[in-house]
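# An overview of the molecular structure
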Amino acid sequence: MNYYITRDYIRFGAARSGEKLNGVKFIVSHDTGNPGSTAYGNRNYFDRTQPSASAHTFIDDKYILEIIPINEKAWHVRYDKPTDNRMYGDDANDAAIGIELCFGGKINFEEAYKRYVWYHAYLCNKFNLDPKKHIVAHSYLDPERRTDPQNAMRPRGVSWGEFLNDVERSLQVDFKGNKSTKNSNNAPKEPVVKGISTTLPIGEGAEGQFVKEIQEDLIRAGFPLPRYGADGIYGPETERAVMQFQKRFGLLVDGLVGTNTLAKLQEVLKQNHSTIDFPLPEGIWKNGDEGEEVSMIQRALKHLNFNPKYIDGKYGPLTEDAVRRFQSMYAALKNDGIYGPNTRKYMLMEIDDN
Ligand SMILES: [Zn+2]
């Protein structure tokens, strides 16, 4: 089995410094912790908001998507954690590739998992790593704060040990050519790795998942595609909708989707979403507070799968815990369980992506 690897790198910023890795000594396996968020959803989020956290590769049921070149550093494990240094003599951010499994929502777990396994095997082959020694779970490096990627695998019946076995098997079969079956006369097969990077802008004639996601966004933003819908093909109907969108929002009307059009589209959707469906109050809210504002926070937390259990307008321990779990996903947020401007900002961005 072979898969495509898509290389579509985010811009430089807090999430991507461009600093080079000290070689690849090991791999850290993650899940996104955000059920339903896709590889491209994550890419666009990291590209746009540049949080001071990142990972190299996001994998869902359609894409193996490298968003940071694998010879550069990404920020996926806290520097103050000692286990990576003890095991590999280096910090994960300086000497490891971070891989994120996208799961939940509409993502087909089996398809995403197969790609996740294959990509680990691909890297083991490329950098001469031993799956049993050189792949480590994020939860193992940061047990106080993290449960990934077991959190995504275990409910779907895959243990960590089985995962490593699957990587080992893929390494042997897909990369070393050790077929256990009869047609073992084949020479070791080169994996099909092709950078089908989506270079912006895209326009008429483009095809694929990225086009489909743009079409879905256009429809949600109120620019329908009545004839063909979101079919993944950038034809005249899509071009016309893009031009209408550009005209409405004062952009250069060229019918091409580049960074400006993409950013405006996200902005419009974010406004639609956050202000209509999940408004979030300004100010600081914490344990002991009560009111409609607290209900708003609770509703948004529930929507983001950080269920506070009760939407009762009372900021109690369960709400505090839900806020803290949300905060723990971001290096930039203090895990204090208090809702304030920074937490609000990140919640709005997540609502936009869901
Ligand atoms: Zn992680």
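Here's a quick rundown of the structure. Computed from a predicted model, the values in this text were never measured in an experiment.

The rules behind each value
Residues numbered from 1 in each chain as written. Predicted model: local features only at pLDDT ≥ 70, side-chain atom pairs only at ≥ 80, totals over all residues. Heavy atoms only, no water. Helix = DSSP H or I, 4+ residues; strand = E, 2+ residues; numbered from the N terminus. Rg over C-alpha atoms; globule rule 2.2 N^0.38 Å. Buried < 20%, exposed > 50% of the residue type's maximum accessible area, 1.4 Å probe, protein only. Contact = heavy atoms within 4.5 Å. Core = buried A, V, L, I, M, F, W, Y, C linked by side-chain atoms within 4.5 Å. Donors = N, O, S within 2.8 Å, 3.2 Å for Na, K, Ca; no water. Phe/Tyr/Trp six-rings, centres within 6.5 Å; stacked < 30°, edge-to-face > 60°. Pairing = 2+ DSSP bridges. Axes fitted to C-alpha atoms, helices over the stretch in contact; angles between N-to-C directions.

Right, let's talk about the overall build of the protein chain for a bit. Across its full length, the protein chain holds 14 helices and 6 strands. Relative to its length of 354 residues, the protein chain is compact, with a C-alpha radius of gyration of 22 Å against a globular reference of 20 Å. If you line up the protein chain on its principal axes, its C-alpha atoms span 65 × 55 × 35 Å. Going through the 354 residues of the protein chain one by one, you find that 52% of them count as buried. Expressed as a percentage of contacts within the protein chain between residues at least 6 apart in sequence, the contacts between residues at least 24 apart total 65%.

What follows is about the nonpolar core. Counting residues in hydrophobic clusters, the biggest one holds 88 residues, and the most contacted among them are Tyr-119, Phe-163 and Phe-326. The element contributing the most residues to this core is helix 4 (residues 109-127), with 11 residues. Tyr-88, Ala-92, Ala-95 and Leu-141 belong to the second-largest nonpolar core, a separate cluster that totals 9 residues.

Coordination of the zinc ion by the protein involves His-30 (ND1), His-138 (ND1) and Asp-148 (OD), with metal-donor separations of 2.0 to 2.1 Å. Counting the intervening residues between successive donors of the zinc ion yields the motif H-x107-H-x9-D. Taken together, the residues His-30 in strand 2 (residues 26-31) and Asp-148 in the loop between helix 6 (138-141) and helix 7 (150-153) connect sequence positions 118 residues apart. Each member of the pair His-30 and Asp-148 is classed as buried.

Another point: unusual backbone geometry. With an omega of 0 degrees, the peptide bond running from Asp-148 to Pro-149 counts as cis. Relative to the helices and strands, Pro-149 resides in the loop between helix 6 and helix 7. Look at Gln-50: it is not a glycine, yet its phi comes out positive at around 45 degrees. Take Gln-50: it is sitting in the loop between helix 1 (39-49) and strand 3 (57-59). Positive phi is not limited to glycine here, since Asn-128 has a value of about 60 degrees. Within the fold, Asn-128 resides in the loop between helix 4 and helix 5 (131-134).

Below, the discussion takes up the packing of aromatic side chains. For the coordinates displayed, the defined rule picks out 17 aromatic pairs. Centre to centre, the rings of Tyr-3 and Trp-118 are 5.7 Å apart; their planes meet at 80 degrees, and the pair counts as edge-to-face. You can see Tyr-3 sitting in the segment before strand 1 (6-7) and its partner Trp-118 sitting in helix 4, a full 115 residues away along the chain. Neither residue differs from the other here; Tyr-3 and Trp-118 are each classed as buried. You can call Trp-118 buried: its relative accessible area is 1%. Through a chain of ring-to-ring contacts, three or more aromatic side chains come together here, namely Tyr-3, Trp-118, Tyr-119, Tyr-122 and Phe-175.

Moving on, we come to the sheet that holds strand 3. Read from one edge to the other, the open sheet built from 6 strands follows the order 1-4-3-5-2-6, with strand pairing classed as mixed. Single-partner strands in this sheet number two, and they are strand 1 and strand 6 (135-137). Two elements, strand 2 and strand 5 (residues 96-101), share 6 bridges in a ladder whose sense is parallel. Paired with Val-28 across the two strands is Gly-98, which belongs to strand 5. Along the sheet face, helix 1 touches strand 1, strand 3 and strand 4 (64-66) and points at about 150 degrees away from the line of strand 3. Along the sheet, helix 4 contacts strand 1, strand 2, strand 3, strand 4, strand 5 and strand 6; its crossing angle with strand 5, the most-contacted strand, is approximately 170 degrees.

With 6 of its 6 residues buried, strand 2 lies for the most part within the structure. The alternating pattern of strand 2 places Phe-26, Val-28 and His-30 on one face and Ile-27, Ser-29 and Asp-31 on the opposite face, and all of these are buried. The sheet contact formed by strand 2 and strand 6 spans 3 bridges and is parallel. Counterpart to Val-28 in the pairing with strand 6 is Val-136.

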